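Summary of the model geometry
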Amino acid sequence: MDALLLVEQGLNGLQLGVMLFLMAAGLTLVFGIMDLINLAHGTFYMVGAYLTAALVPVLGSFPLALAAAVLLTALLGLVVEAVALRTLYRRDHLDQVLATFGLILFFNELVKIVFGPVPIFLNPPAALAGTVDLFGLKYPAFRLAILAVGIAVAVFLWLLIARTRVGMLIRAGATNREMVMALGVDVRRLFGLVFALGCGLAGLAGAMAGPVLAVQVGMGEQILILTFVVIVIGGIGSIRGALAGALLVGMVDTLGRALLPAAFRLVMDAANASAAGAALASMAIYVLMAVVLAIRPKGLFPAH
Amino acid sequence: MTRNLLTLASALALLATPAAADTLKIGMITTLSGPGAGLGIDIRDGFALAVEHAGGKLGGQDTQVIEADDQQKPDVAVGLANRMVERDRVQVVTGVVWSNLALAMLPTLAGGQTFFISPNAGPSQLAGAQCNPYFFNAAYQNDQIHEAVGKHVQDEGFKKVYLMAPNYPAGKDGLAGFKRYYKGEVAGEVYTQVGQLDYAAELAQLKAAAPDAVYVFYPGGMGINFIKQYEQAGLKGAVPLFGPGFSFDQDILAAVGESALGVKNSAQWSPDLDNAANKTFVADFKAKYGRIPSMYAAQGYDTALLIDTAVKAVGGNLKDKDKLRAALASAKLQSLRGEVAFNTNHYPIHDIYLREVVKGADGAVTNKTVATVFTNHADAYVKDCPMK
């Protein structure tokens, strides 16, 4: 494998990691601060993708449709929090798992009724449809856009959490929720805000994933498992952990898929090597999770 | 007291219902939720349209279709197969999309002496050594579709082809089928995870291998992911892409739009096939469901036609299993794709076409038949099947 290919695979891993970070950041905030296990996080990812696909023909511009979709997804999050989740904070995790699983079924069915069962169309905007020449490496322009958006969100979240009053409460809430409540902070509003922020981030991830992946019912569940792996590796409730976990998972997954089949080819024939490599690569992130948890049982950067 | 009597009366009424003689009960176990749902829904809708065209009576019998969602999970599918045999006592199970599910369900259904008529999944195992008196396939043996593109790519003179498929039975069958007719160099043979979302790593390897053509088998959502990413990686137009009809069918074309234009693919059916039954089917399907039918919808329809033909041939007698089996096996099906006969392994002998993804007159992206690659094509595994 030559150097250019290795650089390209590195970029691929980075881009997948950034994508996962958009999902994981919201999930870890909700889990860490509100102590709510939200299995329906992937639902907001799906809603973000569907809304973007539906709004592009209406608004005629991808960035506008994306902005509108992210806002609408955050608003939907506010409504869902007020209607369905508020009563769950004091219940145990199993109840939350059941209730948010119910939300998945509800929203999947709703999207199927509104948009139909067949995957719908969403392509990147014309300006980002092709490839960009990076020192002789032709790289898909839209993947670079995902990378840029992910980095921008990471910076935004860092500023929000490290530099603002809301951020201070979020940090305090993640570390010691009871103490923040005891200090008389309007917890209800804080929770609503955090949940909407998480949903908006998931919606943004969905909107950015839509042009690359199939926009279809159930797309949220496919990425949810990876997202949970990310926050478990990173440590629950920590944005820094989510970033580190996401980049690690993105890299290990991509490089595993790129390098393992090649490694197996050294010792067996091509077809078997590819099948064995693919099988092992699909396990790589779980092996990574096991190794991380064996060394640091609470993840890399736990908030608690 | 009145209430108790009422309850008793309704309970008796419920018990009495199954006694109605010779209702044809069909279990439709298919994928109705999750990423593979588009395929199952098309099979179900195509099947329902055929039942509607037959006035609700397949083979002249009152027909009841019991739907169940296998969620694309083998364990769920086996549980449902059990339920259909034990509780619902259906005579026929159909609907299965995925080869791994079909393989898992067969022992339960065959053990319960329930006919299993696949509208899609056609794994090589069930065509060869593990063929079964209770298993029929109304659609194809998986390999047949791939063989056609293999022959086309060989005839067109491509010398260095890169192959990709998901790592599951139909994926391996597919590439084996392609290689049975393609004799040139294989620049790479890559198996990816079933349900994989991101193909960036594999596409980078593909580019580095510099093949002169690419053959991929990705059904459903995987196909959408792959085709979008293939174009975004700048490979569309640079390296010709080929695939079986599964990877470039209507369910996928609606979601990828013009990204797939010009791709040649193969199938036993195409929406533009010129026969009266097919024209009615395409028009009625569009009118009823508001979308162009896919191969899967046509296969669902053909499956119902096969049941209709066989049940008619036995005069509605569903109890004599040997007779019904003989009727299914000897059916000369006037299907949407023309005449289909069945081989000794219960798989079809039929024509396979080459299609091209084009923009139709109404602006919709769809498939156009461009050639007949095989006429009366049998599968490669029939010689291993002990049923003669």
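Cut-off values and rules
Note on numbering: residues in each chain are counted from 1, in written sequence order. Going through the entries in the order they are written, you letter the chains from A and number the ligands from 1. Owing to the predicted nature of the model, reporting of local features is limited to residues with pLDDT of at least 70; listing and counting of side-chain atom pairs is limited to 80 or more, with chain, interface and lining totals taken over all residues. With hydrogens and water excluded, all non-hydrogen atoms of the structure serve as input to the side-chain values. UniProt positions are given in the numbering used here, feature names are shortened, and annotations may be inferred rather than shown by experiment. Put simply, DSSP marks the helices as runs of H or I at least four residues long and the strands as runs of E at least two long, and each gets a number from the N terminus on. Any carboxyl oxygen of Asp or Glu that lies within 4 Å of a side-chain nitrogen of Lys or Arg is treated as forming a salt bridge with it. Burial classification: accessible surface area is computed with a 1.4 Å probe over protein chains only, and a residue below 20% of its type maximum counts as buried, one above 50% as exposed, and the rest as partly exposed. Pairing between strands is defined by DSSP: at least two bridges between them are needed. Any two residues whose heavy atoms approach within 4.5 Å at even a single point are treated as in contact. As a rule, the C-alpha atoms of each element are fitted with a line to give its axis, helices using only the stretch in contact, and angles between N-to-C directions run from 0 to 180 degrees. A clockwise course of the path from the first strand over the helix to the second, judged with the strands pointing away from the viewer, identifies a crossover as right-handed. To pair, rings of Phe, Tyr and Trp, with the six-membered ring standing in for Trp, must have centres within 6.5 Å; the planes then decide the type, stacked if under 30 degrees apart, edge-to-face if over 60, and tilted in the middle. Here, a charge over a ring is recorded when the distance from Lys NZ or Arg CZ to the ring centre is within 6 Å and its angle to the ring normal is within 35 degrees.

According to UniProt, the "domain: Leucine-binding protein" (unreviewed entry) feature falls on residues 23-360 of chain B. This span, residues 23-360 of chain B, is 43% helix and 22% strand, and a straight line between its end C-alpha atoms measures 42 Å.

Further remarks concern the pattern of salt bridges. Residue and element names in this part refer to chain B. In the structure shown here, the tally under the stated rule is 26 salt bridges over all chains. The partner of Asp 249 in a salt bridge is Arg 355, and the shortest N-O contact between them spans 3.0 Å. One end of the pair, Asp 249, is in the loop between strand 10 (241-244) and helix 10 (250-256); the other, Arg 355, is in strand 14 (residues 348-359), with 106 residues separating them in the sequence. Using a relative accessible area of 2% as the deciding quantity, one classes Asp 249 as buried.

Our focus in this paragraph is the sheet that holds strand 4 (residues 92-94) of chain B. Residue and element names in this part refer to chain B. An order of 2-3-1-4-5-6 is seen for the 6 strands of this open sheet, with the pairing classed as mixed. Of all strands in the sheet, those with a lone pairing partner are strand 2 (57-58) and strand 6 (135-137), marking the two edges. Sheet topology note: the strand 5 (residues 115-118)/strand 6 ladder contains 3 bridges and is parallel. Looking at the pairing, Ile 117 lines up with Phe 136 of strand 6. The strands touched by helix 4 (residues 99-111) within the sheet are strand 1 (24-30), strand 4, strand 5 and strand 6, with strand 5 carrying the most contacts at an inclination of about 160°. Of the strands in this sheet, strand 5 and strand 6 touch helix 13 (residues 321-329), which is tilted by about 15° from strand 5.

On to the pairing of strand 11 (residues 264-267) of chain B, then. Residue and element names in this part refer to chain B. Inspection of the sheet shows strand 10 paired to strand 11 by 3 bridges, in the parallel sense. Among the inter-strand pairings, Phe 242 is bridged to a residue of strand 11, identified as Lys 264. Between the parallel elements strand 10 and strand 11, the chain passes through helix 10 in a crossover that is right-handed. Where strand 11 and strand 14 come together, 4 bridges link them in antiparallel fashion. Bridge pairing in strand 14 links Lys 264 to Glu 356.

Turning our eyes to something else, we now look at the packing of aromatic side chains. Residue and element names in this part refer to chain B. Evaluated as defined, the whole model comprises 24 aromatic pairs over all chains. With 5.2 Å between their ring centres and 35° between their planes, Tyr 218 and Phe 226 make a pair best called tilted. Side by side, Tyr 218 and Phe 226 carry an identical accessibility label, which is buried. With 6.1 Å between their ring centres and 75° between their planes, Trp 269 and Phe 281 make a pair best called edge-to-face. Of this pair, Trp 269 sits in the loop between strand 11 and helix 11 (276-289) while Phe 281 sits in helix 11, placing them 12 residues apart in sequence. By relative accessible area, which is 1% here, Trp 269 ends up buried. The buried category is assigned to Phe 281, whose relative accessible area is 0%. Grouping aromatic residues by their ring pairs yields a cluster made of Trp 269, Phe 281, Phe 285, Tyr 289 and Tyr 301. Its guanidinium or amino end placed over the ring of Tyr 191, Lys 172 lies 5.8 Å from that ring's centre, counting from NZ or CZ. The positively charged end of Arg 325 is found above the aromatic ring belonging to Tyr 134, 4.7 Å away from the centroid.

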